[in-house]
Every structure is written in C-alpha cells, then in structure tokens.
Amino acid sequence: MILRDPVHGLISFTGAAERWISRLLACPEVQRLRRIRALGLASLAFPGGEHSRFAHALGSAHVMQRYLDRVRTLAAELPAHDRIDDEVTLAALAAALLHDLGHGPYSHTFEAVLPDSPRHETWTSRILLDPGTCVHRVLAEADPQMPAVVERLIHGHSPIGHLARAVSGTFDVDRCDYLMRDSYMTGVRYGLLDVDWLLASLRLYVPKDSSSARLAVDGEKGLTAVEGFFLARLYMYRQVYLHKAVRAAELMIRALFHRLVELDRQPGTPPVLEDIMRGRSVSVGAYLQLDDTALSAAIAEYTRADDPVLAELATGLHERRLFKTLRLAPTADTAEAQSRLDAVLRAASVAPAYLGIIDCVQIDAYTDDEAIGVLRSGGRVQQLVDASPVLRGLSRERFVHHRAIFPPSVRARVVEALADLT
C-alpha cells in the first residue's frame, strides 16, 4: 500500500504488518476520522486548515514506522526485551494509527464545550475494547490480546519503555506529525521539524539503575533538532492554536452549547448529542454517529431557532461573524477585567453573561523532564535543560495570552472600560 501525503511524501506500509494496517484503515471507526477536522474551528482563521484526523492518523503511523526502522538499526544497543519484532511492530503501528479514534466533532473543541463529558482518550479506549467494533475484531484476529495491548500502549503503558514514550510522551510521533501537518496546512512555517535529522541522531541507552532502554539523541548532532521541536511547538501555540479568531470562535461554540443545555431540546439536535449534553449514558455505537457533518448540520438548523441567543450564536458561527477580542496586558488582573466586562454587558443589556469572558492561557515554553536525554562521548547522559542553553532559557519563560472576548455590539464600550489593562 502506497499513499501520497503533502507532509511526508510517499507513505507505505510494508512487511508483516501491512495486511493488518490495510484492514484497520477500512474500518468504519477509522474512516469516520475523515469527517473530524484536526484543528476544529481554526479554518475560520486559516482557510487551509481543513485537514482531518484521518490524515493525521496516517502521518503518525508513518512517523512510527520510521521510528521502528531506526530502532532496529540500534538493536545491538538494546536488551533483548526492548527489541522490535513483528508483533511489537503491529501494536506500535496500530497505536499510532488509532490513538485519536475517540475524538468528537471539531476535535479538542468538542471537549472544551462539554468539559464534564468523557474525554477523547476515554472514548478511544471504549472503541478499542468494545467487541462490537471493527477495529477490535481486526486486532483480535491478529492476537486475542492485541486490542488491550494497543489500548494500553496508546495511554503510554508498555513493557517496552521507549516505545511507550514514542506513542505517548512529551516527544512522540503524534506531536511530530501534527506540528508539521498543522504548520503546512495553515501556511504557518513555524512548525517545521527536521525529522530526518532527528531520527538519524536518535539513540537508545540503558541507565545504570534500570534494565530498560531510554530515548536519547547524539549530543554532537541531534541537540539542535530537539531544540527545534520545542520551539516549533511554542510558536504553533502562539500563532495558530491560540489565534484570536480561533479563541473567539471557541468561546462562541462554548456559549452555544451552554445555551442548548439551558433550553429544552432544540430541532436539529442529534439524539446522541442531546444525551451527552444531559449527562446520560451513551453507547459506543451511538457516539460514533457524531462527526463534524452532524454538528455542522445542527448549527445550521439552530440559525432558525426561536431563541434569539441561540440563533445569533449559530448564525455567527455558520456565517463567520465572530466575536471581537481585545488584547490585555499579561499582568492584568483577570478578575478585575472580568468584573468590568460584566458591567459593560449589563449596561448594554447583553445577556446571558457568558457571552463575554476574559480568556487567559499560560504557556510554559519548556518544562524540564526526562523524556529524552542527550548522549555525550564516553556514554555520559545529560538532561536537555543542562545540555541546551536554548532550552534552559525557555524553561524560565511563561507566555501569557490574555484577551477579552465579547459581542461586536459592545466593542467601543469594552475598549474604553479596559483601556488601562491593555
């Protein structure tokens, strides 16, 4: 099987695992990912950002395949229990391919609008472990224990420690693909990674106090590529994921769902969505009916709702008439800003109050951990923060995105009320 991909070029799955990957790709649960946008509402700010979770899943599996190829060349450095065989290859590729099965409509946005409902990781586990799903049956045919093995690996649990961290860790195949893919598709060039050089410099070592291998990079040539990874992640958050129009759209859809919960059931609401909003139990089969198409159709129906608040929010999302934003100083008092914004909304008879919020997101540029080490001559291993002046500097920085988000009708009043906080 050979596929063309705009990010990675040709993607092919060969060897003993190819038959199983082809069968997994044909499963309805995987094909559903074609109907889930990876960046949620970001296409309202970046018109090219329409790519799907399906494309990302394929890209993640491809990066995993390249990682496994590299690990095989390092087999002499590994204890026997950390080496890669055909069974491990299938589990690793399946975990990379299936790790996002549980995403709802608009990906992470769906979790933001329903914070008390199960997260996508929980739904991924339920889908994999449900004997009624196609992905479960295919994996179980390969090995009755394979669904459980893949499910645990997706959550970062495996007897092979370095593999677990490659699937779910600070520095994993998921992040390697989505940073490159999101950057390419949005036209923002900050997320580019030198994956070729990164993999070429990858090493594995066994610490003195452990019997399991851990990830490292060759300190003479790999450190710059690792620094680039963390810088790319920071830049993508600042330029894409936290873009003012994206955050405004996300507030609007959160407010829309808040309003739906306050109202009786509205025409156009899918039954499964109504159950989720009301906190009722939902089966795996019912949940899998939800995708971007279903939610977009519901929003289009809400534009004709009798409730004016619901209709206005839905129309704004449907026709891209987004709320306005005002950047605040990072040190501005959030509670004071929210109090002033609330006062403006009350004076202008804008209700409910959740139509205006102070949005404050803090990003730690680099948090020191032991996800990957730097291998020096003589076998000495350093932590990244000790080896890299760049990351050491970033570890001291916290970037704050602080904005007021509100309906366009009160823009002038908000600017006046918050002038000394900007």
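Definitions and cut-offs
Residues numbered from 1 in each chain as written. Predicted model: local features only at pLDDT ≥ 70, side-chain atom pairs only at ≥ 80, totals over all residues. Heavy atoms only, no water. Helix = DSSP H or I, 4+ residues; strand = E, 2+ residues; numbered from the N terminus. Buried < 20%, exposed > 50% of the residue type's maximum accessible area, 1.4 Å probe, protein only. Contact = heavy atoms within 4.5 Å. Areas by Shrake-Rupley, 256 points an atom, 1.4 Å probe, with all protein chains shown as cover. Lys, Arg positive; Asp, Glu negative; His and termini not counted. Charge placed at Lys NZ, Arg CZ, Asp CG, Glu CD. Salt bridge = Lys/Arg side-chain N within 4 Å of Asp/Glu carboxyl O. Patch = residues over 30% accessible without salt bridge, like charges linked within 9 Å, V, L, I, M, F, W, Y side chains within 5 Å. 1 Å grid on protein atoms, 1.4 Å probe; cavity = no way out; pocket = protein on both sides within 12 Å on 5 of 7 lines; lining within 4 Å. Points joined across faces, edges and corners; volume = space filled by probe spheres on them. Nonpolar A, V, L, I, M, F, W, Y, C, P; charged D, E, K, R; others polar. Pairing = 2+ DSSP bridges. Axes fitted to C-alpha atoms, helices over the stretch in contact; angles between N-to-C directions. Polar contact = N/O pair within 3.5 Å; in protein donor to acceptor, adjacent residues only side chain to side chain.

Visitor: Report on the overall build of the protein, specifying residues and quantitative values.
Guide: Helices and strands together make up the secondary structure of the protein, namely 21 helices and nine strands. Based on the C-alpha atoms only, the size of the protein along its principal axes is roughly 70 × 50 × 35 Å. Per-residue burial for the protein yields a buried fraction of 56% across its 422 residues. Within the protein, counting contacts between residues at least 6 apart in sequence, those at least 24 apart form 72% of the total. Within the structure as shown, the protein displays about 18,400 Å² of accessible surface, and the carbon and sulfur contribution to it stands at 50%. Distance from the positive charge centre (48 side chains) to the negative charge centre (52 side chains) of the protein: 3 Å.

Visitor: How would you sum up the environment of Leu273? Please name residues and give values.
Guide: Tracing the backbone shows Leu273 in helix α14 (residues 271-277). Along the chain, Leu273 and Ala314 lie 41 residues apart, while their C-alpha atoms are 16 Å from each other. Once residues within four sequence positions are removed from consideration, Leu273 is found in contact with Phe110, Phe257, Leu290 and Leu295.

Visitor: Account for the pattern of salt bridges, naming residues and giving values.
Guide: In the structure shown here, the tally under the stated rule is 24 salt bridges. Taking the shortest distance from any N to any O, the salt bridge between Asp100 and Arg53 comes out at 2.7 Å. Taken as a pair, Asp100 in the loop between α4 (86-98) and α5 (108-113) and Arg53 in helix α3 (residues 53-73) lie far apart in primary sequence, 47 residues in all. There is no split in this pair, since Asp100 and Arg53 are both buried. Measuring nitrogen to oxygen at the nearest pair gives 3.3 Å for the salt bridge that ties Arg119 to Glu111. Under the relative-accessibility criterion, Glu111 is labelled buried at 12%. Put simply, Asp5, Asp177 and Arg181 are held in one network by salt bridges that share partners.

Visitor: Report on a positive patch on the surface, specifying residues and quantitative values.
Guide: Together, Arg238, Lys244, Arg320, Lys324, Arg327 and Arg411 line one region of the surface with positive charge. Relative to the assigned elements, Lys244 resides in helix α13 (residues 244-262).

Visitor: Residue-level account of the layout of surface pockets, with values.
Guide: Estimated volume of the largest pocket: approximately 1,200 Å³. Listing elements by their share of the lining of the largest pocket, those giving two or more residues are α3, α5, α6 (120-129), α10 (173-186), α12 (223-241), α13 and β6 (357-364). For the lining of the largest pocket, the element with the most residues is α12, which contributes six residues. Looking at the lining of the largest pocket, its residues break down into 18 nonpolar, 14 polar and 15 charged.

Visitor: Any chance you could break down the sheet that holds β6 for me, citing the residues and the numbers?
Guide: Strand order in this open sheet of three strands is β5-β9-β6, and the pairing throughout is antiparallel. Lying at the two open borders of the sheet, with one neighbouring strand each, are β5 (324-327) and β6. Strand-to-strand twist in this sheet, taken as the mean axis angle between neighbours without regard to direction, amounts to 30°. Strand direction decides the pairing type here: β5 and strand β9 (residues 398-406), joined by four bridges, are antiparallel. Within β9, the residue paired with Leu326 across the bridge is Ala404. Along the sheet, helix α18 (residues 334-347) makes contact with β6 and β9, crossing β6 at roughly 155°.

Visitor: Run through the side chain of Asp177, naming residues and quoting values.
Guide: Assignment of secondary structure puts Asp177 in helix α10. Setting aside chain neighbours within four positions, we find Asp177 in contact with His8, His56, Gly59 and Ser60.

Visitor: Go over the environment of Thr186, please, and point to the residues and values.
Guide: Examined against the element boundaries, Thr186 turns out to sit in helix α10. A sequence separation of 166 residues divides Thr186 from Trp20, and the C-alpha atoms of the two residues are 32 Å apart. Residues within four places of Thr186 in sequence aside, it is in contact with Leu39, Phe46, Gly49 and Val240. A polar contact is formed between the side chain of Thr186 and the backbone oxygen of Asp182, at a distance of 2.6 Å.

Visitor: Before we move on, could you go through the sheet that holds strand β3 (residues 202-205) and cite the residues and values that matter?
Guide: Reading across the sheet, the four strands line up as β3-β4-β7-β8 and stay open at both edges, with mixed pairing between neighbours. This sheet does not close on itself; its edge strands, each paired only once, are β3 and β8 (381-383). Sheet twist, expressed as the mean angle between neighbouring strand axes with direction ignored, is 45°. As defined by bridge partners, strand β7 (residues 373-375) adjoins β8 across three bridges and the pair is classed as antiparallel. Considered in β8, the bridge of Val374 is made with Gln382.

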